[in-house]
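Coordinate inspection notes
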Amino acid sequence: MRIGMALSYSGGFKETVEELADYEKAGLDIVYVAEAYSFDAVSQMGYIAARTERVEIASGILNIYSRTPTAIAQTAAGLDYVSDGRFTLGIGASGPQVIEGFHGVPYTAPLGRTREIIEICRKVWRRERVQHDGKYYHLPLPEGQGTGLGKALKLINHPVRADIPIMVAAIGPKNVELTAEIANGWEPIFYVPEKAADVWGASLAAGKAKRDPALGELDVVGQSPLAIGEDVKGFLEFGRPMAALYIGGMGAKGKNFYNDLARRYGYEKEAEEIQDLYLDGKKDEAAAKVPQELLEKMSLIGPEGHVRERLAAMRDSGVTTLNVSPIAGDHKGRLALIEKVKEMAAGL
């Protein structure tokens, strides 16, 4: 099981990257850089590539709407080049609030667009002349659109790799099935190992049945906050506001993927209460309704023996990469947590 860590996208980025060298020495395998509606992730990943030597670097995630497919492919090839082959392209559909609100682009056909973007990216990296006549993307533009001067071009540079790994953030049944069929990795949010098979098992099986064996096994990325000790249980509370934000506030009634996931986990009543309270502006009350069990099952927080049990549950459910958020009072404490969880995972 690989150990990864997400870098914060709110302030102190250069200072965090200075510390990243220590995590790299401690055995951190991969670092994820989010974008959301913050600074762009690409410039930050290039900075990380220049300041590190071994750790893999992943976008966590780039949305599929605000860049053209070929721009996504160029970006991935460029980051793979400056990192000497250490880049993973993480993509996802994000949500209507960000895509239509921040980018001003219609939030349409996330599954179809994801499939076509991945196909186009792989053509670019193989240095094929990019010709694509899909439902959502046409390269070059067909006759009657634009000036008519478009040409089928291939990437000028020779990429470090023609098979840059692609990870898709997905939680909906059809999106997970698509991911298992065509992607290298899958990153769900709010991962509960005991419920994963019930919620996603059929979708994963359906996708894998159509999967090209050349892609290898699907890398399953689980996310968990991490704290080890006899007196750390209170850190579970740190997860309440974010869970409430996603379950309650990321979308509208009937249009919230994270609320749907909470319902599929069996928290129908709580999901409805959280959403009603959050959309009514009662964020603290919404956070208080997040089930304690959900926080516990998603986390690696507790005494060492408990964390070992949770790690084993993650592994047994199919997780191959664990993306942790170490919780400690200082850099030394967070570094110690990465070293410890790396050691524990190796011993499973």
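Here is what the cut-offs are and how they apply
Residues numbered from 1 in each chain as written. Predicted model: local features only at pLDDT ≥ 70, side-chain atom pairs only at ≥ 80, totals over all residues. Heavy atoms only, no water. Salt bridge = Lys/Arg side-chain N within 4 Å of Asp/Glu carboxyl O. Helix = DSSP H or I, 4+ residues; strand = E, 2+ residues; numbered from the N terminus. Buried < 20%, exposed > 50% of the residue type's maximum accessible area, 1.4 Å probe, protein only. Axes fitted to C-alpha atoms, helices over the stretch in contact; angles between N-to-C directions. Parallel < 35°, antiparallel > 145°, perpendicular 65-115°, else oblique. Left-handed = near helix turned anticlockwise from the far one by under 90°. Contact = heavy atoms within 4.5 Å. Nonpolar A, V, L, I, M, F, W, Y, C, P; charged D, E, K, R; others polar. Phe/Tyr/Trp six-rings, centres within 6.5 Å; stacked < 30°, edge-to-face > 60°. Patch = residues over 30% accessible without salt bridge, like charges linked within 9 Å, V, L, I, M, F, W, Y side chains within 5 Å. Areas by Shrake-Rupley, 256 points an atom, 1.4 Å probe, with all protein chains shown as cover. Expected span 1.5 Å × (residues − 1). Pairing = 2+ DSSP bridges. Right-handed = clockwise from strand over helix to strand, strands pointing away.

With respect to the pattern of salt bridges
Enumeration according to the criterion identifies 23 salt bridges in this entry. In this structure, the salt-bridge partner of Arg2 is Glu56, at a minimum N-O distance of 3.1 Å. Here the residue Arg2 occupies a position in strand β1 (residues 2-7), and Glu56 occupies one in strand β3 (residues 56-59), the gap between them amounting to 54 residues. Judged by relative accessible area, Arg2 falls into the partly exposed class, the value being 23%. We note a salt bridge from Lys210 to Glu177, for which the minimum N-O separation is 2.9 Å.

Topic: unusual backbone geometry
Residue Ile61 follows Gly60 across a cis peptide bond; omega there is 20°. Here Ile61 is to be found in the loop between β3 and β4 (62-63). The linkage connecting Leu139 with the following residue, Pro140, adopts the cis geometry, with an omega of -15°. Positioned with a positive phi, Arg127 is a non-glycine residue whose angle comes to about 60°. Locating Arg127 in the fold gives a position in the loop between α5 (110-125) and β6 (132-133).

Some points on the packing of helix α2 (residues 41-51) against helix α3 (residues 69-82)
Two elements in contact, α2 and α3, have axes separated by 9 Å at closest approach and are oriented at 15°. On the basis of their axis angle, the class for α2 and α3 is roughly parallel. In this structure, α2 crosses over α3, and the sense of that crossing is right-handed. Taken together, the residues of α3 that come into contact with α2 (itself represented by Val42, Met45, Gly46 and Ala49) are Thr75, Leu79 and Val82. Of the residues that constitute the contact of α2 with α3, the class distribution is 5 nonpolar, 2 polar and no charged.

A look at the packing of aromatic side chains
Counted by the stated rule, this structure contains 10 aromatic pairs. Between the aromatic rings of Tyr65 and Tyr107, the centroid separation amounts to 5.2 Å while the plane-to-plane angle is 35°, which identifies the pairing as tilted. A residue pair is termed long-range when its members are at least 10 positions apart, and Tyr65 in the loop between β4 and α3 and Tyr107 in the loop between α4 (96-101) and α5 qualify at 42 residues. Pair check on accessibility: Tyr65 and Tyr107 agree, each one buried. Within the aromatic cluster, the residues linked to one another by ring pairs are Trp186, Tyr191, Trp200 and Tyr265.

Considerations on a nonpolar patch on the surface
A cluster of nonpolar side chains, Tyr81, Val82 and Val160, forms an exposed patch at the surface whose accessible area comes to about 300 Å². Judged by its relative accessible area of 44%, Val82 falls in the partly exposed class.

Re α3
Its 14 residues give α3 an end-to-end C-alpha distance of 20 Å, which sits within 8% of 20 Å, the value for a rise of 1.5 Å per residue. Of all the positions in α3, only Pro69, Ile72, Ala73, Thr75, Ala76, Ala77, Leu79 and Asp80 are classed as buried. Looking at the buried positions of α3, the neighbouring elements they touch are α2, β4, β5 (87-92) and α5.

Description of the pairing of β3
Direction of pairing for strand β2 (residues 30-33) relative to β3: parallel, over a ladder of 4 bridges. Paired with Tyr32 across the two strands is Ala58, which belongs to β3. Between the parallel pair β2 and β3, the chain is carried across by α2, and the sense of this crossover is right-handed. Across 2 bridges, β3 lies against β5 in parallel orientation. Bridge pairing in β5 places Ala58 opposite Thr88.

So, to be careful, I would describe these as geometric facts and stop short of saying anything about function.
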